[in-house]
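# Architecture at a glance
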Amino acid sequence: MGTRCSSRPLILCVALAAVLGSVLGLGEDLDRPLFGPPGSPIWLHESDPGLKKALEFAEERYNRGSNAVHLRKVSRFISATKQLVKGIRYTMTVELSNTLCKKASMLRTCDFYPESEKLKTEVCVFEVWDIPWQGTSTLLKQKCEPRAEPKAEETTKVGEVLTSQPLEESVELLGQFKEFMVKYNKVYTSQKEADRRLAIFHQNLKTAEKLQELDQGSAEYGVTKFSDLTEEEFRSTYLNPLLSQWTLHRPMKPALSAKGPAPASWDWRDHGAVSSVKDQGMCGSCWAFSVIGNIEGQWFLKNGSLLSLSEQELVDCDGLDQACRGGLPSNAYEAIEKLGGVETESDYSYTGHKQSCDFSSRKVVAYINSSVELSKDEREIAAWLAENGPVSVALNAFAMQFYRKGVSHPLKIFCNPWMIDHAVLMVGYGDRRGVPYWAIKNSWGEDYGEQGYYYLYRGSNACGINRMGSSAVVN
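Throughout, a residue's number is its position along its own chain's written sequence, starting from 1. The model is predicted, so local features are restricted to residues of pLDDT at least 70 and side-chain atom pairs to those at 80 or more, both for listing and for counting; the totals for chains, interfaces and linings are taken over all residues. Hydrogens and water are ignored here; the side-chain numbers use all heavy atoms of the structure.

## A few points about the overall build of the protein chain
The helix and strand inventory of the protein chain stands at 10 helices and 16 strands. Within the span of the protein chain, comprising 475 residues, buried residues form 53% of the whole. The method behind every accessible area is Shrake-Rupley, applied with a 1.4 Å probe, and residues are considered shielded solely by the protein chains displayed. Total accessible area on the protein chain stands at roughly 21,600 Å², and carbon and sulfur atoms take up 52% of it. Numbering of helices and strands runs from the N terminus, with a helix taken as a DSSP run of H or I at least four residues long and a strand as a DSSP run of E at least two residues long. Three exposure classes are used, based on accessible area relative to the maximum for each residue type with a 1.4 Å probe and protein chains only: buried under 20%, partly exposed in between, and exposed over 50%.

Set out below in structure tokens:
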């Protein structure tokens with residue numbers, strides 16, 4: 001990897017090399033997790049034997065379900081992770097292209113089309129769940145789309161990132177990347193992976209700039225702890241795709257309307273009904289944090305004590321949902337009713353991955369009697385919240401990957417209200433300098449947003465925030 005310094009002033013080249021060395025002087029341990037607790041996804045090299053087997057399985061299932069005349073196979077490996085979840089879950093991003101062989105052929109012996117226009121290359125994300133001791137594999141996810149022609153600024157090589165812009169800008173970019181790595185304790189498994197993460201970081205800066213330029217509120221977007229993740233990686237690791245699958249939603253009883261109109265502002269943090277911000281880690285368990293936060297508030301309002309309750313109990317024991325692969329608040333309420341209640345966080349602590357259910361009825365400290373669904377009118381939601389406590393809600397979280405502070409109001413093109421993928425806890429509302437907002441407790445730790453909170457524009461159903469309001473009922 002060269003920085004092409006031959007025509008540049010020596011002192012700048014030395015500075016650039018120093019920054020590169022400090023950023024990319026990283027370990028070669030390919031089995032070290034990127035970050036997170038045990039059970040977190042681990043980055044894999046394409047030579048990994050288990051990964052090769054999983055890719056072959058994904059190719060075979062892809063071709064079996066395809067209506068195309070010709071077989072397709074992996075033409076370029078992009079990235080892959082594995083995660084231990086009662087077996088091994090592989091998440092793989094690759095490019096698939098047409099071969100010369102028709103369906104009856106053996107894929108391994110097939111050559112690609114020599115003409116590039118006939119390759120019809122797609123970028124695909126596959127998730128394969130492999131249980132070696134049972135000899136079974138399952139294709140959990142397949143998402144493919146045509147590969148876009150690369151733009152001039154897009155690259156996977158640090159050298160290309162550097163030489164596509166003036167040296168001073170390259171040094172600034174690398175300085176930002178180094179600062180990001182230090183601040184969020186990022187460790188990559190190889191120089192190749194660091195190169196790739198720098199390229200993604202660079203592209204994400206451009207996305208954040210576009211969000212900033214077009215935001216209709218007062219938000220600041222920029223570098224966050226998710227700035228080295230592609231959109232697909234962010235979605236598959238931290239978000240919850242089940243929320244937008246409306247056919248899965250269980251009907252809920254409608255909540256009774258509030259007795260009076262909403263006050264001008266309200267915040268349950270000022271009234272003792274909200275526990276501290278928690279961190280779901282690299283697990284799509286936002287649904288559990290949203291529901292447990294709601295129950296903490298309901299229990300406080302009925303009994304006067306604020307308890308930190310267990311999300312892990314839901315991750316492990318809710319048989320209706322899919323643990324780190326997502327879930328629905330409506331299912332979670334039902335699961336808690338059937339279990340008979342919730343333990344404390346200290347008795348049933350969070351691990352960030354699914355385990356066998358270890359629930360004990362003797363340790364129950366809170367329970368619920370039923371659950372209700374709120375109106376989709378934001379004024380009615382505000383009135384209900386002020387009267388009855390924090391509300392479990394869900395939204396499209398695209399802009400949240402780059403949010404730093406302020407009131408976020410993304411254009412609808414960035415925040416489709418039907419593509420809901422993240423559950424959170426609405427704790428209050430108000431306005432800042434005339435900009436109305438919802439105060440939203442997130443579950444990505446206190447180093448996200450404003451001390452763990454996200455503020456979203458109120459009054460335009462932004463990001464679908466009005467579509468899935470719900471609450472437990474404690475009699």
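## Overview of helix α7 (residues 286-303)
To estimate the expected span of a helix, count its residues, drop one, and scale the result by 1.5 Å. With 18 residues, α7 extends 26 Å between its outermost C-alpha atoms, agreeing within 8% with the 26 Å of an ideal straight helix rising 1.5 Å per residue. At the C-terminal side of α7, Gly304 shows a positive phi close to 85°.

## Focus: the pattern of salt bridges
Throughout this description, the term salt bridge denotes a Lys or Arg side-chain nitrogen within 4 Å of a carboxyl oxygen of Asp or Glu. Counted according to the given criterion, the structure contains 29 salt bridges. Glu60 is the partner of Arg61 in a salt bridge, and the nearest nitrogen-oxygen pair spans 3.2 Å. For Arg61, a relative accessible area of 31% puts it in the partly exposed group. Accessibility expressed as a relative area gives 33% for Glu60, which makes it partly exposed. For Glu450, the salt bridge identified is with Arg432, shortest N-O distance 2.9 Å. Taken together, the residues Glu450 in the loop between β14 (435-441) and β15 (453-457) and Arg432 in strand β13 (residues 422-432) connect sequence positions 18 residues apart. Note on Arg432: relative accessible area 28%, which makes it partly exposed. Residues joined by salt bridges that share partners form a network here, namely Glu193, Arg196, Arg197 and Glu233.

## Regarding the sheet that holds strand β1 (residues 42-43)
Strands belonging to one sheet form pairs held by backbone hydrogen bonds; the direction of such a pair is parallel or antiparallel. Strands were regarded as paired on the criterion that DSSP finds at least two bridges between them. Sheet architecture is open: 5 strands sit in the order β1-β2-β3-β4-β5, paired in antiparallel fashion. Lying at the two open borders of the sheet, with one neighbouring strand each, are β1 and β5 (136-146). For β1 and strand β2 (residues 70-84), the ladder comprises 2 bridges, and the chain directions are antiparallel. Bridge assignment links Trp43 to a residue of β2, and that residue is Thr81. Seen against the sheet, helix α6 (residues 231-238) touches β1, β2, β4 (122-131) and β5 and runs at an angle of roughly 145° to β5. Residue contacts are defined here by distance: any two heavy atoms, one from each residue, within 4.5 Å place the two residues in contact. Between N-to-C directions, angles cover 0 to 180 degrees, with each direction set by a line fitted to C-alpha atoms, over the stretch in contact for helices.

## As for helix α9 (residues 329-339)
In terms of burial, α9 is a largely internal element, 8 of the 11 residues being buried. If you check which residues of α9 are buried, you get Pro329, Ser330, Asn331, Ala332, Tyr333, Glu334, Ala335 and Ile336. Along its buried surface, α9 packs onto α7, α8 (312-317), β9 (370-373), β10 (391-395) and β16 (470-473). Once α9 finishes, Gly340 follows within two positions and takes phi at roughly 105°, a positive value.

## Section: the environment of Ser137
Along the chain, Ser137 falls in strand β5. A relative accessible area of 23% means that Ser137 is categorised as partly exposed. Taking the C-alpha atoms as reference points, Ser137 and Gly87, 50 residues apart in sequence, are found 9.5 Å from one another. When neighbours within four sequence positions are excluded, Ser137 is seen to be in contact with Phe57, Val128, Trp129 and Asp130. Within the structure, the side chain of Ser137 is placed 2.9 Å from the side chain of Asp130, a separation counted as a polar contact. Any N or O atom pair separated by 3.5 Å or less is treated as a polar contact, with the protein-specific requirement of one donor-capable and one acceptor-capable atom, and with residues adjacent in sequence counted only for side-chain atom pairs.

## Some details on the environment of Ser244
With respect to the helices and strands, Ser244 occurs in the loop between α6 and β7 (253-254). Within the structure, the side chain of Ser244 is placed 3.2 Å from the backbone oxygen of Pro241, a separation counted as a polar contact.

## Details of the state of the cysteines
Note on terminology: disulfide denotes any pair of cysteine sulfur atoms within 2.5 Å. Taken as a whole and assessed by the stated rule, the structure comprises 5 disulfides. Disulfide partner of Cys124: Cys144, at an S-S distance of 2.1 Å. Torsion about the S-S bond of the Cys124 and Cys144 cystine: about 120°, corresponding to right-handed handedness. Within this pair, whereas Cys124 is found in strand β4, its partner Cys144 is found in strand β5, the two being separated by 20 residues in sequence. Exposure remark for Cys124: the relative accessible area of 0% places this residue in the buried category. Linked covalently through their sulfurs, Cys415 and Cys463 form a disulfide whose S-S length is 1.9 Å. Because the torsion about its S-S bond is 110°, the bridge between Cys415 and Cys463 counts as right-handed. On the criterion of sequence distance, the pair formed by Cys415 in the loop between β12 (407-408) and β13 and Cys463 in the loop between β15 and β16 is long-range, its members being 48 residues apart. Using a relative accessible area of 4% as the deciding quantity, one classes Cys463 as buried.

## As for the pairing of β4
Counting buried positions along β4 gives 8 out of 10 residues, so the element sits mostly inside the fold. In the sheet, strand β3 (residues 88-102) pairs with β4 via 9 bridges, with the strands oriented antiparallel. Within β4, the position partnered with Leu96 by the bridge is Glu122. Alignment of β4 against β5, held across 10 bridges, turns out to be antiparallel. Residue pairing across strands places Val128 opposite Leu139, the latter belonging to β5.

## Here's the deal with the confidence of the model for the protein chain
Note on scores: pLDDT gives the predictor's confidence for each residue, bounded by 0 and 100. Within the protein chain, residue pLDDT values average 86, and 86% of them lie at 70 or more. Across residues 1-38 the pLDDT falls below 50, and counting only partners more than four positions away or on other chains, this stretch makes 71 contacts in the model. Segment residues 150-164: pLDDT under 50, and 29 contacts once partners within four positions in sequence are set aside and those in other chains are kept.

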